[in-house]
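# Close look at the chain arrangement
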Amino acid sequence: MTAGLIGVGLAGVAVNLLLTFAVLRRLREHDQRLARLEARGGSHLDVLVGRKPEPFQIVATDGRQLGHDTNDALLIGFFSVGCAACHDQAGPFRQALEEGRFGGHEALVVVDGPRGGDPDLVNGLSDLGVVIEGDQAQTVAEAYGVVGFPAFVSVVGGQVTSAAPVVAMLRTQRV
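Starting afresh in each chain, residues are numbered from 1 along the sequence in its written order. With pLDDT at 70 or above as the cut-off, local features in this predicted model cover only qualifying residues; side-chain atom pairs require 80 or more to be listed or tallied, and sums for whole chains, interfaces and linings still use all residues. As a rule here, side-chain values cover all heavy atoms of the structure and leave hydrogens and water aside.

### Points about the nonpolar core
Note the cut-off: Think of a nonpolar core as a cluster: buried Ala, Val, Leu, Ile, Met, Phe, Trp, Tyr and Cys residues, connected wherever their side-chain atoms sit within 4.5 Å. Exposure is judged per residue with a 1.4 Å probe applied to protein chains only, and the accessible area is read against the type maximum: over 50% gives exposed, under 20% gives buried, and values in between give partly exposed. Each helix corresponds to a stretch of at least 4 residues labelled H or I by DSSP, and each strand to a stretch of at least 2 residues labelled E; elements are numbered beginning at the N terminus. Contact criterion: two residues are considered in contact whenever any of their non-hydrogen atoms come within 4.5 Å of each other.
Counting residues in hydrophobic clusters, the biggest one holds 22 residues, and the most contacted among them are Ile76, Phe78, Ile132, Tyr144 and Val153. For this core, the elements supplying multiple residues, two or more each, are β3 (74–80), β4 (106–112), β5 (129–133), α4 (134–144), β6 (151–156) and β7 (159–164). If one sorts the elements of this core by residue count, α4 sits on top with 5 residues. In this view, Phe78 contacts Val110, Val140, Ala141, Tyr144, Val146, Phe149, Pro150, Ala151 and Val153; residues no more than four positions away in its chain are not counted. Counting 21 residues, the second-largest nonpolar core is a separate cluster that includes Ala90, Leu121, Leu125 and Leu170.

### Side note on the state of the cysteines
Each disulfide consists of a covalent bond between the sulfur atoms of two cysteine residues. Let me state the cut-off plainly: A pair of cysteine sulfur atoms is labelled a disulfide when the two atoms are within 2.5 Å.
Using the criterion set out here, one finds 1 disulfide in the structure. Across the disulfide from Cys83 sits Cys86; the S-S distance is 2.5 Å. Judged by the torsion about the S-S bond (80°), the Cys83/Cys86 disulfide is right-handed. Note on accessibility: Cys83 and Cys86 belong to one class, buried.

### Remarks on the sheet that holds β3
Just so we agree on the cut-off: Paired strands are those between which DSSP finds at least two bridges. Simply put, an axis is a line fit to the C-alpha atoms, just over the touching stretch for a helix, and the angle between two N-to-C directions goes from 0 to 180 degrees.
Spatially, 5 strands are ordered β5-β4-β3-β6-β7 in an open sheet, and the strand pairing comes out mixed. Edge positions in the sheet fall to β5 and β7, since each of these pairs with one other strand and no more. Neighbour-to-neighbour, the strand axes of the sheet open up by a mean angle of 20°, direction not taken into account. Pairing of β4 with β5 involves 5 bridges; the strand directions are parallel. Within β5, the position partnered with Leu108 by the bridge is Val130.

Limitation: the analysis is restricted to geometry and does not speak to function.
Structure representation (structure tokens):
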């Protein structure tokens, strides 16, 4: 009986050691990935700061014409149809604008995906500023170099001054 208990205990220790080694190997892999990401300058949004968008001309859902050459201060929220994180960030985006954290910035809401594909998201943000959906949204996202959603970009004088995947991380700047 004692030998059986010792055997079960040793088997438990062996399984625990195998799991520990597996976790350590996984941590090393993630550490290497993080080091590669840091070496290339952080997230894809970090490289947008200081950049001017590629040329574009679009028509917003309200019929307003917009282009890359605007000198207006913009706070752009990039969202995507069916994106849970985008829905989570819609409230903080609205709150930041309503509190005036980006005083002087006009809001631009860009919803990537088919036009009318996420009416809850669009209706919840449409009163904040200009809304762009469908192919037009993809044009704006490509012009600014946004490849992941949600993304938030502050633009002053046609140049990106701050970019972040979460509104709370976006540098507050008044115009």
